[in-house]
Amino acid sequence: MAEEAARWKQYEYASNSNLVLTAERRTRENEPSGEAETLANKKLFKMGDKVAHSKPAALEKKEVLDKKRKERATKEGARKKAKSGGTVLAVAEDPGAYRPKTEVTRQAYEQLLHMLSSFMGEQPADILRGAADEILAVIKDDALQGPAKQKAAEELLSAMTHERFAELMQIGARITDFYLEEEGAEGTAMDENLGVSVVFDEDEEEEEGDADELRDEDEDEDDGVDDEEIRRTVIGLKDDDDEMPDEGGRDDQLDPLSLDAYWLQRQMKEKCGIDDDNDAVKMAAEVMEIMQSEDEREIENRLVILLDYEKFDFIKLLLANRFAIVYCTLLGQAQDETEKETIRVKMNKLPEGRAILHALTFSHKTEGERKREMEKRLRKEIRGLREQGAATEDMEMADRATAELDGKAGTTARVVLDLETLAFAQEGHLMANKRCELPQGSQRISHKGYEEVLVPAVKNIDDNDVLKKISELPEWARPAFDGTDTLNRIQTRVHETALFHPDNMLVCAPTGAGKTNVALLTMLHEIGLHRREDGSFALDEFKIIYLAPMKALVAEIVMNFSKRLESFGIVVKEFTGDVQLNKQQLGEANVIVMTPEKYDVITRKGDARPFTRLVKLVIIDEIHLLHDSRGPVLETLIARTIRQIEATQELVRLVGLSATLPNYQDVAAVLRVDEKKGLFYFDNSYRPCPLEQQYIGITEKKALKRFQLMNEICYDKVVAQAGKNQVLVFVHSRKETAKTAKAIRTMAEDNDTLGRFMVEDSASQEICREMAETVKSGDLKELLPFGFGIHHAGMARSDRELVE
């Protein structure tokens, strides 16, 4: 042992250290001592084989080029779209409009917009931005100096003091980036918090500060997955554990269960902006044909050519889910089980097809499987009835039920109803005509900034009809037409059905053709059905509903019918948001005039049955609003009334009054109108006063100039009729009524034409001034002395009645 210890000892460091020559060298400042040290505030680096996240240089360069190419194509497409939008209906926002790029210029720009709103009033944002661009162009124009610059600004806005113009110049001086080119701003973005221009370097590496960021283990769990698993994940199929991929994991996954026969058509309408259903079907068919090719590169190229490069994200989605979309669409469009089986055989030959079949078969129970399970339960119950020795009649019923179920199971195929294609999303903006042709004799005149189309009036065709005299009507019905000698041409043609028959009716005639008197004839028919032998009327046995689209129209109709039906003892009531009726008042009224929404609320309630049971006649005025956003309400009321007729077997007459309709046969079918008895259609030749039409379309693209030009044209047309005829100007919103009236008045003051609207110091002006003292609307009080009035549903009822 001693010898062994001595042998080990001779190799110890202490025994040999003096034998090694020490070199003269500087010691390290932070030489480790071997003691334990804290790792706080130390920079740590990741270790392991998954640290490096670099990509091949060629791939990175390709991604950078693709990104720049995509941005350039997007800008070029927007520019082309803006340039091509020269039609009246396709005026696009100018893509070169100024946008501030720093916090300082943004504050100055907001101050400029606020100042412009004080000149122009409350206007839409695009008009204010257009005005700001025009004013900035004037301010930054070095060719204009002093008074010339102020004069140019006043031409755009209105007269301003020198102090206001100086304030405008100060704001413009703070906007220093107005002339920056948009193309030179590539790679820059607006910092939302600080509002400074931030430049991003395309080749910049990740910041080193992210080195000690903790990563979730799930972020790396996809590494090392083979190509087959990636493909199956991309198309949204199950993995080996029969678990569907996480929906939040990828954005380009599509569940095969969500793909039906019409999925591609819906995507064409949604992603590609195709409005027409037929065009969407054709485009979907072309995409399907392309996606069934074998070369993936060729598919991508053809899709880019067909759908345009701007839809690259959608194209990428189609490529990632190519097999799922193709096979699910083919299965959904298959007409019978044999065709479906052929497709399944073809799918079984490919691994992708087998995966799709697996997902479709074992993920969820289909509608057909649920239906078959229900049929099995019914058969089991039927067999139980047989085993219990039910009566012969019950057995026969069970046999018939079984045969019916067997027949359904063997003959009916799965029917997919695409509700999205049936939705009426465009409402009143839908253009059903494929071509737009002007009538013969029309003129089209082009002006600077707008086009004018003149459509001549349709000549009134006098076919020497013998008009029905009021004296030839039943004696008890004549008081409703006091002061009238004969019915007009339209009323003469429809009076036989309206007054003497209970059939449903649809009357399509131009505005002003006398449809209100047609409604009165149908009311007289209903009143005549409840006429007693002594000449009195059983007024408590019936009610008449008249549906008008607007509250203003409701008040006018109530006034008209109250006067016409007063001699019959008929009580006419208005029921709208302005006038509320309780149950007692509803019970006392014989004719109730209301809006469709109000009647919809009443008929929905379960306690309204005693009221609706007395309704014997429903008149729907302006039924062409079926084409508008309020159309579903009218459809609901018609369907509810027809269901009531079928349930109670009590007749309720439906009468529709409409302007000229292109598809009046379809509307007649909805109203259950017999085309031979109750359908009447009259074109514009039946209008008592021929109508000449002028259509003016603004082609100016800049929002401010478009707004100013529209007001100028409106002023010119109004002045041309001022002093000769009354003029009605319809606008798109309630606020625009006062704005447009004030704009016309201001232009009339500038051009010294106010005398055409109201003669100074005349009796009419004095009357208008006295009336202005009683109105509640400030705008109306300001405009009335000048011969201008405004009218909309938001005004007080007294003000509306005064204007009417």
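Residues numbered from 1 in each chain as written. Predicted model: local features only at pLDDT ≥ 70, side-chain atom pairs only at ≥ 80, totals over all residues. Heavy atoms only, no water.

J.: Summarise the nonpolar core; cite the residues concerned and give the values.
T.: The nonpolar side chains of a soluble globular protein tend to be buried with one another. Counting 44 residues, the largest nonpolar core has Phe481, Met523, Leu524, Tyr546, Phe561, Leu565 and Ile619 as its most contacted members. Of all the secondary structure elements, the ones that give two or more residues to this core are helix H19 (489-500), strand E5 (505-508), helix H20 (515-529), strand E6 (543-547), helix H21 (551-564), strand E8 (591-594), strand E9 (615-620) and strand E10 (653-658). Per element, the largest residue contribution to this core is 7 residues, and it comes from H20. Among residues more than four places away in sequence, those in contact with Ile619 are Ala519, Thr522, Met523, Ile544, Ile545, Tyr546, Leu547, Val655 and Leu657. By size, the runner-up hydrophobic cluster in this structure holds 34 residues, among which are Met288, Leu319, Phe323 and Val326. (Core = buried A, V, L, I, M, F, W, Y, C linked by side-chain atoms within 4.5 Å. Buried < 20%, exposed > 50% of the residue type's maximum accessible area, 1.4 Å probe, protein only. Helix = DSSP H or I, 4+ residues; strand = E, 2+ residues; numbered from the N terminus. Contact = heavy atoms within 4.5 Å.)

J.: How would you sum up empty space enclosed by the protein? Please name residues and give values.
T.: Tallied over the entire structure, the rule returns 2 cavities of 30 Å³ or more. Considered as a void within the structure, the second largest cavity measures approximately 30 Å³ in volume. Every residue lining the second largest cavity is listed: Lys551, Ala552, Ala555, Arg797, Arg800, Glu801 and Glu804. Those elements that provide at least two residues to the lining of the second largest cavity are H21 and helix H32 (797-803). (1 Å grid on protein atoms, 1.4 Å probe; cavity = no way out; pocket = protein on both sides within 12 Å on 5 of 7 lines; lining within 4 Å. Points joined across faces, edges and corners; volume = space filled by probe spheres on them.)

J.: For the packing of aromatic side chains, give the residues involved together with the corresponding values.
T.: Within the structure shown, the criterion is met by 6 aromatic pairs. Seen in terms of ring centroids, Phe682 and Tyr686 are 5.1 Å apart; in terms of plane orientation they differ by 70 degrees. Their pairing is edge-to-face. Both residues of the pair, Phe682 and Tyr686, belong to the buried class. Put simply, the rings of Trp476, Phe537 and Phe568 pair up and form one aromatic cluster. When the ring centre of Phe786 is taken as origin, the NZ or CZ atom of Arg745, which lies over that ring, is 5.4 Å away. (Phe/Tyr/Trp six-rings, centres within 6.5 Å; stacked < 30°, edge-to-face > 60°. Lys NZ or Arg CZ within 6 Å of the ring centre and 35° of its normal.)

J.: Quick rundown of helix H14 (residues 337-348)? Include the residues and the values.
T.: Relative to the 16 Å expected for 12 residues at 1.5 Å per residue, H14 spans 16 Å between its end C-alpha atoms, a close match to the ideal helical length. Within H14, burial applies to Lys340, Ile343 and Met347. Considered in projection along H14, the buried side chains sweep an arc of 60 degrees and stay on one side of the axis. Exposed residues pointing more than 90 degrees away from the buried face of H14 are listed as Thr338 and Thr342. (Expected span 1.5 Å × (residues − 1). Arc of directions from axis to C-beta.)

J.: Run through the side chain of Thr497, naming residues and quoting values.
T.: Summarising the element assignment, Thr497 is placed in helix H19. Thr497 gets classed as buried once you look at its relative accessible area, which sits at 11%. What Thr497 contacts, discounting residues up to four positions off in sequence, is Met505, Arg653, Lys677, Gly678 and Phe680.

J.: Can you explain the pairing of E8? Please cite residues and give values.
T.: In the case of a regular strand, side chains alternate between the two sheet surfaces. Here E8 shows two buried faces, one formed by Val591 and Val593 and the other by Ile592 and Met594. Strand direction decides the pairing type here: E6 and E8, joined by 4 bridges, are parallel. Bridge pairing in E8 links Tyr546 to Val593. (Pairing = 2+ DSSP bridges.)

J.: Give a detailed account of the pattern of salt bridges, specifying residues and quantitative values.
T.: One pass over the full model with this rule turns up 18 salt bridges. Here Lys702 and Glu134 are joined by a salt bridge, their closest N and O atoms 3.3 Å apart. Highlighted residues: Lys702 in the loop between strand E12 (693-698) and helix H27 (703-721) and Glu134 in helix H5 (residues 125-139), separated in sequence by 568 residues. Taking the relative accessible area as the measure of exposure, Glu134 reaches 13% and is therefore buried. What emerges from the salt-bridge pattern is a single network uniting Lys742, Arg745, Asp779 and Glu782. (Salt bridge = Lys/Arg side-chain N within 4 Å of Asp/Glu carboxyl O.)

J.: Give me the confidence of the model for the protein chain: which residues, what numbers.
T.: Per-residue confidence for the protein chain gives a mean pLDDT of 75; residues scoring 70 or more make up 74%. Confidence drops under pLDDT 50 across residues 82-93; counting only partners more than four residues distant or on other chains, this segment forms 20 contacts. Under a pLDDT of 50 for its full length, residues 180-250 has, in the predicted model, 94 contacts with residues more than four places off or in other chains. (pLDDT = per-residue confidence, 0-100.)

J.: Which residues make up a nonpolar patch on the surface, and what are the values?
T.: A contiguous nonpolar patch, built from Val727, Val729 and Val731 and spanning about 190 Å² of accessible area, is present on the exposed surface. What makes Val727 partly exposed here is its relative accessible area of 38%. (Patch = residues over 30% accessible without salt bridge, like charges linked within 9 Å, V, L, I, M, F, W, Y side chains within 5 Å. Areas by Shrake-Rupley, 256 points an atom, 1.4 Å probe, with all protein chains shown as cover.)

J.: Summarise the sheet that holds strand E4 (residues 450-455); cite the residues concerned and give the values.
T.: Strand order in the open sheet formed by 3 strands is E3-E4-E12, with antiparallel pairing between adjacent strands. What marks the edges here is a single partner per strand, and that holds for strand E3 (443-447) and E12. Ignoring which end each strand starts from, the neighbouring axes of this sheet average 15 degrees apart. Running at roughly 160 degrees to E12, H27 makes contact with E4 and E12 of the sheet. (Axes fitted to C-alpha atoms, helices over the stretch in contact; angles between N-to-C directions.)

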